[in-house]
Amino acid sequence: MAVPHVVIVGAGFAGYGTARRLERTLRPGEAAISLVAPSGYTLYQPLLPEVASGTLDPRSIAGPLHRLLDRTRLVPGTAAGVDLRERAVTVDKIDGERTTLRYDRLVLCPGSVTRTFDIPGLKEYGHGMKNLAEAVYLRDHVIAQLELAAATHDPRERAARMGFIVVGGGYSGVETAANLQLLTAKALRRFAWLDPAMLSWTLLDVAPRLLPELGERLGDVAMRTLRRRGVDVRLGVSIDRLAADSATLTDGRTLPCRTAIWTAGVKPAPVVATLDAPTEKGRLVVGADLRLAGFPEVIALGDAAAVPDLAKGGGSVCPPTAQHATRQARVAAANVAAGLRGHQPRLYRHRDLGMVVDLGGTQAVARPLGMSLTGPLAQAVTRGYHLSTVPGFRAKARVLGDWGLHAVAGDDLIRLGFLDPRTGAAVDLDHTVATPV
Ligand SMILES: Cc1cc2nc3c(=O)[nH]c(=O)nc-3n(C[C@H](O)[C@H](O)[C@H](O)COP(=O)(O)OP(=O)(O)OC[C@H]3O[C@@H](n4cnc5c(N)ncnc54)[C@H](O)[C@@H]3O)c2cc1C
């Protein structure tokens, strides 16, 4: 009898987590596991802002799949479509070849991409912060702006190059603004002829407060910390249109700016739309057992799935966070094994461990297990949390080493030369397709 084939799509928190758990849960020979992933690593996205700010080396947050997984077959490519009735996934491999994988069990976790709106100029001039290439590119871009500001005699150009805007007051926007603002403020000490008063950072959100998931008090602490450093936090405001050297806000103001970073929301990866299945805000509708209605052999989780939040109740669904994706992966693996063995599936019920937000340097806000922490203590908890959850011993060692090195040696401010517009435009964020090799 043929060994059942389990196909996993996506190697983020949900996909990698499911594969790793399945390797431990299933006996060798009980099933063959394939993992479709465009890159050979699982990315620890919450530390992307630290890569952009140069605190961490990009490789430190990219866990190598061939090292982390033992008996999962890696398929380097992108799932282009899923045929639920045929039980088949079409995969575009990284060399451009198209292939079909037949499955007995499918685990869908392609995550999300940046959600952009129809804002004039956003796709041409906006920058994203959702993958490694974007974080590395952004660092190059920001350092280049300071170099070019120092090189010009035109005061208008200098103002635009020293004007930075981040849109999105959630954890990703706040951490990005906080870490990159620190990078530029420190860098100015090495560009003695640039007037620090011209450095301008603006953080925008249409919502009335920052970090709503952390509650009013910690959101206010984050706002005060950023404002003290000179970040102009503007709530109830977004970008109306972007040009090459300016941004017009919805309150009518126009700011000189050559760097607008868009972190305002995510939407499920495009492959989700190829399934003939119900969605909620684009996320696949699944039960609390993560299974797709009518297709019990298909499980979806993470950012791409609308999983009922049983802890909250009232029809609410789990927010797109790493914490949910990681914990859902355990249930996904258990339910794949249960399905293969003819057992009853488990339900996903989340116990909130809280949230940590790095504000750069020694500052953070955190709410572990309901306790509100700020300042260096929160930063210690934040770093401890990341260190414990970044996958693999080597990654932990690298992250710890990078933090130590950065604390002692500071930033080299080296631009690596990634100013290729293809990897920088926000439009890139709408696709997680691999470049043919
Ligand atoms: C800057 C930033 C900071 C964050 N900070 C936090 C935080 O502090 N706490 C927190 O809980 N969450 C945080 N998040 C959110 C968290 O990273 C996501 O919720 C989490 O990554 C979702 O996990 P996932 O496995 O569903 O998706 P992902 O981790 O995005 O993984 C999906 C994977 O699937 C791949 N993929 C996409 N399409 C396909 C396809 N068609 N075929 C094959 N593979 C595909 C992608 O390339 C990706 O590797 C942050 C996110 C960002 C961007």
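Structure's up top.
Now for a quick tour of the structure. This one's a predicted model, so the numbers in the text were calculated from it and none came from an experiment.

**Topic: the pairing of strand 15 (residues 246–249)**
In strand 15, alternate side chains face the same way, and those of Ser246 and Thr248 on one face and Ala247 and Leu249 on the other are all buried. Note: strand 14 (residues 239–242) against strand 15, three bridges, orientation antiparallel. Its bridge partner lying in strand 15, Arg241 is registered against Thr248. Alignment of strand 15 against strand 16 (residues 254–256), held across three bridges, turns out to be antiparallel.

**Here's the deal with the sheet that holds strand 22 (residues 295–300)**
With mixed pairing, the eight strands of this open sheet are ordered in space as 7-6-5-2-1-8-22-21. The open sheet terminates on both sides in strands that have one partner only, identified here as strand 7 (98–102) and strand 21 (291–292). Pairing of strand 6 (residues 88–93) with strand 7, which is carried by five bridges, proceeds in the antiparallel orientation. Across the sheet, the residue bridging to Asp92 is Arg98, located in strand 7. On the sheet, helix 1 (residues 13–25) packs against strand 1 (5–9), strand 2 (32–37), strand 5 (72–83) and strand 8 (105–108) and is oriented at approximately 155° with respect to strand 1. Against the sheet, helix 9 (residues 322–341) engages strand 1, strand 8 and strand 22, with an angle of about 170° to strand 8.

**Some thoughts on helix 5 (residues 132–151)**
Taking 1.5 Å as the rise per residue, helix 5 with 20 residues should run 28 Å; its terminal C-alpha atoms sit 29 Å apart, in good agreement. A distance of 3.3 Å separates the backbone nitrogen of Ala133 from a side-chain oxygen at the start of helix 5, and that oxygen is part of Asn131.

**With respect to the packing of helix 5 against helix 7 (residues 171–187)**
It is at 11 Å that the axes of helix 5 and helix 7 come closest, and there the two elements cross at 35°. Here the hand of the crossing between helix 5 and helix 7 comes out right-handed. Listed contacts from helix 7 to Leu138, Arg139, Val142 and Leu146 of helix 5 are Leu180, Leu183, Thr184 and Ala187. Across the contact of helix 5 with helix 7, the residue classes tally to six nonpolar, one polar and one charged.

**Observations regarding the packing of aromatic side chains**
The tally for this structure, following the rule as stated, stands at four aromatic pairs. Aromatic side chains Phe117 and Trp262 sit 6.0 Å apart centroid to centroid with 70° between the ring planes, which places their arrangement in the edge-to-face category. Of this pair, Phe117 sits in the loop between strand 9 (112–114) and helix 4 (122–125) while Trp262 sits in strand 17 (residues 259–262); the two residues are 145 residues apart in sequence, bridging distant segments of the chain. When the ring of Phe164 is compared with that of Trp201, the centres are 4.7 Å apart and the planes differ by 10°; the resulting orientation is stacked. Within this pair, whereas Phe164 is found in strand 11 (residues 163–167), its partner Trp201 is found in strand 12 (residues 200–205), the two being separated by 37 residues in sequence. Classification of Trp201 as buried rests on a relative accessible area of 2%.

**Quick notes on the packing of helix 10 (residues 375–389) against helix 11 (residues 393–409)**
Two elements in contact, helix 10 and helix 11, have axes whose closest approach is 8 Å; the angle formed by their N-to-C orientations is 150°. With respect to helix 11, the element helix 10 is oriented roughly antiparallel. For the pair helix 10 and helix 11, the sense of crossing is right-handed. Between helix 10 and helix 11, the contacting residues are Arg383, His386, Leu387, Ser388 and Thr389 on the first element and Lys396, Val399, Leu400 and Trp403 on the second.

**Digging into the site of the ligand**
The ligand sits among 32 residues. The nearest are Ala14, Gln45, Ala79, Asp303 and Ala322. Ala79 places a polar main-chain atom, nitrogen or oxygen, 2.8 Å from a nitrogen atom of the ligand. Taking Pro320, its main chain carries an N or O atom lying 3.2 Å from an oxygen atom of the ligand. Protein contact buries 92% of the 1,000 Å² of open area that the ligand shows by itself. Counting only elements with at least two residues in the shell around the ligand, the list comes to helix 1, strand 5, helix 7, helix 9 and strand 24 (354–358). In terms of residues, the shell around the ligand owes the most to one element, helix 9, which gives three residues. Summarising the domain contributions, the shell around the ligand has at least three residues from each of domain 1 (5–114 + 267–341) and domain 2 (122–264 + 419–430).

**So, the pattern of salt bridges**
Think of it this way: side chains of opposite charge can pair up when their charged atoms draw near. Counted by the stated rule, this structure contains 18 salt bridges. Among the salt bridges present, the one from Arg27 reaches Glu30, with a minimum N-O distance of 3.7 Å. Between Arg234 and Asp251 there is a salt bridge; the shortest N-O distance is 3.6 Å. Residue Arg234 is found in strand 13 (residues 231–235), and its partner Asp251 is found in the loop between strand 15 and strand 16; the two are separated by 17 residues along the sequence. Here Arg234 falls in the partly exposed class, since its relative accessible area comes to 25%. Where salt bridges share partners, they join Asp232, Arg234, Asp251 and Arg253 into one cluster.

Calculation rules
Residues numbered from 1 in each chain as written. Predicted model: local features only at pLDDT ≥ 70, side-chain atom pairs only at ≥ 80, totals over all residues. Heavy atoms only, no water. Buried < 20%, exposed > 50% of the residue type's maximum accessible area, 1.4 Å probe, protein only. Helix = DSSP H or I, 4+ residues; strand = E, 2+ residues; numbered from the N terminus. Pairing = 2+ DSSP bridges. Contact = heavy atoms within 4.5 Å. Axes fitted to C-alpha atoms, helices over the stretch in contact; angles between N-to-C directions. Expected span 1.5 Å × (residues − 1). Polar contact = N/O pair within 3.5 Å; in protein donor to acceptor, adjacent residues only side chain to side chain. Left-handed = near helix turned anticlockwise from the far one by under 90°. Nonpolar A, V, L, I, M, F, W, Y, C, P; charged D, E, K, R; others polar. Phe/Tyr/Trp six-rings, centres within 6.5 Å; stacked < 30°, edge-to-face > 60°. Parallel < 35°, antiparallel > 145°, perpendicular 65-115°, else oblique. Near = heavy atom within 4 Å. Areas by Shrake-Rupley, 256 points an atom, 1.4 Å probe, with all protein chains shown as cover. Domains from an automatic or database assignment. Salt bridge = Lys/Arg side-chain N within 4 Å of Asp/Glu carboxyl O.

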